[in-house]
Amino acid sequence: MEITKSSELKQPFLINYKSINFSKLKKLLFKKNSFFILHNFEGKLDKKKIFNLIYNFKNTSDIYFKIKINSSLESNIFFWRTFSCFKLIIFYFLFEFSKKINEKFKVFTFSPVKFLKVEENYKLLNTYITVDKMNNIVDYSFPKSFHLALSTGCNLKCGMCPYHSKEFRQIQTNNYFKITKSIKGSLLIKIFKEIGKYNSHVRLGQYDEPFMYKNLTNYILKGMSYGCRISITTNGTLININEIQKLLDKNLSEISFSLDAASTSTYKKIRHDDFKIPILNLKKIVDIRNKLNSKTVIRACMVVQKDNEHEINKFKVKMKEIGVDVVSFYNLTIYKNKKWINSKLNFEVQDQSITQKREPCSQLWNQMSIYPDGKVSLCCATTLYTGFREDLPYVGDLNKNSIKSIWNCSKYKTIRKDAFNNKYNNSVCRDCEIWYNHKNIQASDKQGNLIHKNPYETFVFFK
């Protein structure tokens, strides 16, 4: 097995999985202060043994390992849930000590992307979240994706919106959304420059309407020129077609229209606005995209609820006729007992209740949420509670620190470490129900369209 060559690297230990003596190995590693390679997995994998090994050494510095999995294990690791925690624990172990190893052994390249090879059969939902190019562990030294809210404002007051609907405004516990504030242009440029260095993805439109932000197109074009991959979620009512053409010409990653209806009456009932406006803009954007031969993905979304569930099929047909690439149906999230929960799951997950053993959520190693004031938190689930809790797990402030320094700060590391020990000390992780998103189904419908489902969202791909 090839390893990084360096005169200062000590001789690695080659350990046969079948003959591991954990207590002897632990003493040996502490004594030698070196590293080891675990290899020769044959037959059925004993995940408990692997967990014990990693837990034993997770606080030991200057140790790393890589795994070689024989092709005979293919049937044992087809489903992500078999390895759901396994891969993340391995990465956590590597990530935690990679800097120390670099400093001690002068290893010029230490990227976990090179260490754990997995099978091509990992093409399931969480692989898109945790795996790069479908066959390697992602280097988690920097976030792969960001949710970035440009402001706290929106021009619509959709009935189910946790942030801007009249109903939810009445039960919010703070004034976060009552005063519209926007991110400073200078801070936005700083953020885009750092993200661009890593070619990470940024989604604009978390709890705001992006096209309310002044000079949005210019900022996005600058962000893309720095290397950012940028997507926009919009209600489609404020779009300037001339401006959006500039973004399509530069291959904006995706533009997603939140519509929630297939008819004028349903749209009026849910979004309280004119359905014709976003539909006309959507048609124009599809036409421009096609004429430019742009690579921009165009998506249409529906939050499924009582008032629109009868239009699901009509929505698919209408959007396909318009020419969008993909439609998504998100099961409505409801606020119950001061928690945000999914009212309905797409398929059985422990009889519709989340009672199985909790697993670490991949978003702690993948995603970051940035708010208009420059504060940083964990993920999109955190954002749901912005107007409803005072104890949100903020991990930093981009007015004072870089993304990289916040991502690797002690507070973030503690939250990740706690997750592996099944400790959820912050209120958002404690009450989260999205961690089980590794359960999924892929199929084709009668029309031959690819269908991808996780417990709370369904994607239909037309192209």
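A.B. asks: Any chance you could explain helix H6 (residues 185–197) here in plain terms?
C.D. replies: For H6, built from 13 residues, the straight-helix expectation of 18 Å at 1.5 Å per residue is met to within 8% by its first-to-last C-alpha distance of 19 Å. Where H6 is concerned, the buried positions are Gly185, Leu187, Leu188, Ile189, Ile191, Phe192, Glu194, Ile195 and Gly196. Elements in contact with the buried residues of H6: strand S6 (145–148), strand S7 (201–204), helix H7 (216–226), strand S8 (229–234), strand S14 (367–370) and helix H13 (403–407). Residue Asn199 follows H6 closely and has a positive phi angle near 55 degrees.

A.B. asks: Where do I start with the packing of H7 against helix H8 (residues 241–249) in this structure?
C.D. replies: Each pair of packed helices can be described by the angle between their axes along with the distance between the axes. At a minimum axis separation of 10 Å, H7 and H8 run at an interaxial angle of 5 degrees. As the angle between them shows, H7 and H8 are arranged roughly parallel. Of the residues in H8, those touching H7 at Thr217, Ile220, Leu221 and Met224 are Glu243, Lys246 and Leu247. Of the residues contributing to the contact of H7 with H8, the split by class is 4 nonpolar, 1 polar and 2 charged.

A.B. asks: What should I look at first to understand helix H11 (residues 312–322) in this one?
C.D. replies: Because each turn of an α-helix spans 3.6 residues, side chains separated by three or four positions in sequence point in the same direction. Within H11, burial applies to Phe315, Met319 and Ile322. One face of H11 carries all of its buried residues, which in axial projection span an arc of 55 degrees. Across from the buried face of H11, at angles greater than 90 degrees, the exposed residues are Asn313 and Glu321. Where H11 is buried, its residues meet helix H10 (276–292), strand S10 (297–304) and strand S11 (326–331). Of the residues one or two after H11, Gly323 is the one with positive phi, at around 110 degrees.

A.B. asks: Would you take a moment to explain the packing of aromatic side chains for this structure?
C.D. replies: Aromatic rings in a pair are described by how distant their centres are and how their planes are angled relative to each other. On inspection of all chains with the given rule, the structure shows 20 aromatic pairs. Taking 4.9 Å as the distance between ring centres and 45 degrees as the angle between the ring planes, the aromatic pair formed by Tyr335 and Trp340 counts as tilted. Residue Tyr335 is classed as partly exposed on the basis of its relative accessible area, which comes to 24%. Summarising the aromatic geometry, the rings of Trp340 and Phe388 are spaced 5.4 Å apart at their centres and angled 85 degrees between planes, so their arrangement reads as edge-to-face. Taken together, the residues span a long stretch of sequence, with Trp340 in strand S13 (residues 339–342) and Phe388 in the loop between helix H12 (380–384) and strand S16 (396–397) at a distance of 48 residues. Phe388 shares its class with Trp340; the two are buried. Each residue in the set Tyr163, Tyr176, Phe177, Tyr207, Tyr371 and Tyr394 is aromatic and connected to the rest through ring pairs, giving one cluster. One cation-aromatic arrangement involves Lys375 over Tyr394; the distance from NZ or CZ to the ring centre is 5.1 Å. Above the plane of the ring of Tyr385 lies Arg389, whose end atom (NZ or CZ) is 3.9 Å from the centre.

A.B. asks: Just checking my understanding: could you explain the sheet that holds strand S18 (residues 450–454) for this structure?
C.D. replies: The strands making up a sheet associate through backbone hydrogen bonding, with each pair oriented either parallel or antiparallel. As summarised here, the arrangement of the 12 strands in space is S16-S15-S14-S6-S7-S8-S9-S10-S11-S19-S18-S17, forming an open sheet in which the pairing is mixed. Edge positions in the sheet fall to S16 and strand S17 (441–444), since each of these pairs with one other strand and no more. As defined by bridge partners, strand S9 (residues 254–258) adjoins S10 across 5 bridges and the pair is classed as parallel. Paired with Ile255 across the two strands is Ile298, which belongs to S10.

A.B. asks: Got a minute to help me understand unusual backbone geometry in this structure?
C.D. replies: With glycine set apart, most residues show a phi of negative sign, and most peptide bonds adopt trans. Residues other than glycine seldom take positive phi values, yet Asn199 does so here, at roughly 55 degrees. You can see Asn199 is positioned in the loop between H6 and S7. The residue His272 is not glycine, and still its phi comes out positive at about 55 degrees. For His272, the location among the structural elements is in the loop between helix H9 (264–271) and H10. Judged by relative accessible area, His272 falls into the partly exposed class, the value being 45%.

So, how was this worked out
- Each chain carries its own residue numbering, running from 1 in the direction its sequence is written.
- Note on the predicted model: pLDDT of at least 70 is required for a residue's local features to be given, and 80 or more for side-chain atom pairs to be given and counted; whole-chain, interface and lining totals, by contrast, use all residues.
- Based on all heavy atoms of the structure, the side-chain values leave hydrogens and waters out of the count.
- To qualify as a helix, a DSSP run of H or I must reach at least 4 residues; to qualify as a strand, a run of E must reach at least 2; elements of each kind are numbered from the N terminus.
- To estimate the expected span of a helix, subtract one from its residue number and multiply by 1.5 Å.
- Summary of the burial criterion: residues with accessible area below 20% of their type's maximum are buried, those above 50% are exposed, and those between are partly exposed, where the area comes from a 1.4 Å probe applied to protein chains only.
- Contacts between residues were defined by any pair of non-hydrogen atoms, one from each residue, lying within 4.5 Å.
- The angle between two axes is taken between their N-to-C directions and runs from 0 to 180 degrees, where each axis is a line fitted to C-alpha atoms and a helix contributes only its stretch in contact.
- What sets the label is the angle itself: under 35 degrees gives roughly parallel, over 145 gives roughly antiparallel, 65 to 115 gives roughly perpendicular, and the rest give oblique.
- Residue polarity is assigned by list, with Asp, Glu, Lys and Arg as charged and Ala, Val, Leu, Ile, Met, Phe, Trp, Tyr, Cys and Pro as nonpolar; anything else, Gly included, falls into the polar class.
- Think of it as the arc spanned by the lines of direction from the helix axis to the C-beta atoms.
- A pair of Phe, Tyr and Trp rings is counted when the ring centres sit within 6.5 Å of each other, with Trp represented by its six-membered ring. The angle between the planes then sorts it: under 30 degrees is stacked, over 60 is edge-to-face, the rest tilted.
- Here, a charge over a ring is recorded when the distance from Lys NZ or Arg CZ to the ring centre is within 6 Å and its angle to the ring normal is within 35 degrees.
- The pairing criterion is simple: DSSP has to find at least two bridges between the two strands.

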